[in-house]
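Observations on the three-dimensional arrangement
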Amino acid sequence: TYFLERHTSSMNKTTHELFSELIQSKSLKTFANHNHDNLIVPHPLTYFNSIINKKNISKSQIIQNTGLERTYAYHLLSEKKNMSRDKILIFSLAGMLSLEETNNFLKYSKAQILYARNPRDCIIIYSIMQKLSVLETNEILSDFNLDILK
């Protein structure tokens, strides 16, 4: 069929493409079979590690950039402790993730993505875009009397 010919070779569809196909699909089973590879959500830390590996940044450098206590940060990266939304944002800033990468890391962690209408998130978005450090971001948050990342 057209659906099969057009889309089986694509394994990196956008959410918008998947959504469009889903609402047009007559069969959920067919949709799921044709899009199996696109319906898999990566593990959050696997995703984060792949990004920092591509950027050639070591875990020890990331941990140093977080400003967190070293053992605690390693526990977060080894999943001995759960990461809060703030910790995900701290690691995103420390790893110099892009805005898209940060929002994906949040999404894959089942945390709320950054929202530009939220004043605190607005500053964090600005910090990501300007490639500011965690410390610099916290200084701006503090200047605006908003909760720092902790």
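Let's shift gears to helix α4 (residues 44–54). What sets the pattern is the α-helix's 3.6 residues per turn: residues three or four places apart point alike. Of all the residues in α4, the buried ones are P44, L45, Y47, F48, N49, I51 and I52. Close packing links the buried residues of α4 with α5 (59–66), α6 (70–77), α7 (85–94) and α8 (99–108).

Let's shift gears to the pattern of salt bridges. Taken as a whole, this structure holds 4 salt bridges when the rule is applied. Residue K13 pairs with E21 through a salt bridge whose shortest N-O separation is 3.1 Å. With respect to burial, K13 and E21 carry one shared label: buried. The residue E101 makes a salt bridge to K55 at a minimum N-O spacing of 3.5 Å. With E101 in helix α8 and K55 in the loop between α4 and α5, this pair connects stretches of sequence that are 46 residues apart. We classify K55 as partly exposed; its relative accessible area is 33%.

Cut-offs and rules
Residues numbered from 1 in each chain as written. Predicted model: local features only at pLDDT ≥ 70, side-chain atom pairs only at ≥ 80, totals over all residues. Heavy atoms only, no water. Buried < 20%, exposed > 50% of the residue type's maximum accessible area, 1.4 Å probe, protein only. Helix = DSSP H or I, 4+ residues; strand = E, 2+ residues; numbered from the N terminus. Contact = heavy atoms within 4.5 Å. Salt bridge = Lys/Arg side-chain N within 4 Å of Asp/Glu carboxyl O.

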